[in-house]
Every structure is written in structure tokens, then in C-alpha cells.
Amino acid sequence: MARKFIRRYLPDSHKIRDHKHLRLFGTLLHDPNLWHLNRRSASGAFAVGLFMAFVPMPFQMIPAAALAILLRVNLPISVALVWITNPVTMPPIFYFCYSLGAWLLDTPVHAVGYDFSWEWITTELIRIWKPFLLGSFLVATVCSAVGYLGIRGLWRWHVVRDWEKRKQERQKQKS
């Protein structure tokens, strides 16, 4: 059940292998484990994708793909989950990460303007990098663990539920 639901939304593996940004991985993309959809690969892909989504760096999809290849988990899920942090959601998510890190380090939270310029990087980011990275790492780790355990639990729940349905159907046929 879960496999059918997820597979419905995944792109074709040949399209991904031929994607211009993923060509740098070469023949590594031909590993069939990167395209399998089972409990291990889906939960591992959620862990990788959710972790990389909260890492504050540009081009998060490339490290997510590299980790998926290294850990041999589902590549499309790993790369797709990185888009949780997109240009619309990134400022509030990263501000939350910064606030969490500042709270943990017991430092005051500065009102931070969000501007993509060299001046912003040299003034604001230099001042907030410690709490920002600490909060981002903590949120990434927690979300990764929750995603991993959540998908494993949901997958198990679907399997047990399907077993029970088949068992009930067999009992109905016998009587």
C-alpha cells in the first residue's frame, strides 16, 4: 500500500539519471538500490532529505544526492525532501533555527534582516553564525530522526494492516 502510494508520485529513474545536474555522479546512478522502494530505502531517504533540508548551504540537492548514493537509499525521495526549505519557507525556518541556537547558547536574539548581498553576509551572518549553525544542526538532526522513525512506523503499520485485511478475507472465504 505505502509503496504504491509513494511510487505514484516518483519520477522515472531514467529521467533522473539523465538530469543535467546529476550527471556528475556518472554510473553511480545505475545502482538499483537507489530506485528501490522499500521500508529501508524510504526511511533512509527521509532521513537524508530532511537532514539536508535544514543544512544552511546553497545547492542542497547535490549533497542530498551524494548522501543517498553513499547510503544507498532512495534518491528521488532524498532530493525531493530538500525542497522543504525553498525560497518562501527558508527565512522563517532558518530564523527559527537561529532563535533555537541563540536560546541554547543563552545569547540574545538579534533582529535579523534577510537580504542576499555580500554586505549582509559580512555583517549579519558573521554575528549570528554560531547560534544559527547550532540551531540548524539540532533541527536537522531531530527532523531526520523523526522522519526516519516515522516512515518506518507508518510503513510497518501499513503492512500489518494489510496482513490483517488478508487474514479477515481468508476467514470470510472459509466460512
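Predicted model only: the values in this text are computed from it and were never measured.

(A) The arrangement of the nonpolar core in detail. Core analysis: the largest hydrophobic core is formed by 18 residues, its most contacted members being L29, L34, L37, A42, V73, L75 and I77. Of all the elements in the fold, those that place two or more residues in this core are α3 (39–53), α4 (61–71), α5 (75–81) and α7 (118–174). Within the second largest apolar cluster, 12 residues are counted, among which are M90, L100, V139 and A140.

(B) Here's a closer look at the packing of aromatic side chains. The tally for this structure, following the rule as stated, stands at three aromatic pairs. Between F51 and F137 the ring centres are 6.2 Å apart and the planes differ by 85 degrees, which places this aromatic pair in the edge-to-face class. Taken together, the residues F51 in helix α3 and F137 in helix α7 connect sequence positions 86 residues apart. Judged by centre distance (5.4 Å) and plane angle (80 degrees), the ring pair of F94 and F132 falls under edge-to-face. Of this pair, F94 sits in helix α6 (residues 90–105) while F132 sits in helix α7, placing them 38 residues apart in sequence. The same class applies to F94 as to F132, namely buried. When the ring centre of W157 is taken as reference, the NZ or CZ atom of R161 above it lies at 4.8 Å.

(C) Layout of a nonpolar patch on the surface. Together, W103, L104, L105, L134, L138, V142 and V146 line one region of the surface with nonpolar side chains, adding up to about 650 Å² of accessible area. At the level of secondary structure, the elements contributing two or more residues to the nonpolar patch comprise α6 and α7. Sorting elements by how many residues they give to the nonpolar patch places α7 first, with four residues. Position of W103 among the secondary structure elements: in helix α6.

Reading the values: the criteria
Residues numbered from 1 in each chain as written. Predicted model: local features only at pLDDT ≥ 70, side-chain atom pairs only at ≥ 80, totals over all residues. Heavy atoms only, no water. Core = buried A, V, L, I, M, F, W, Y, C linked by side-chain atoms within 4.5 Å. Buried < 20%, exposed > 50% of the residue type's maximum accessible area, 1.4 Å probe, protein only. Helix = DSSP H or I, 4+ residues; strand = E, 2+ residues; numbered from the N terminus. Phe/Tyr/Trp six-rings, centres within 6.5 Å; stacked < 30°, edge-to-face > 60°. Lys NZ or Arg CZ within 6 Å of the ring centre and 35° of its normal. Patch = residues over 30% accessible without salt bridge, like charges linked within 9 Å, V, L, I, M, F, W, Y side chains within 5 Å. Areas by Shrake-Rupley, 256 points an atom, 1.4 Å probe, with all protein chains shown as cover. Salt bridge = Lys/Arg side-chain N within 4 Å of Asp/Glu carboxyl O.

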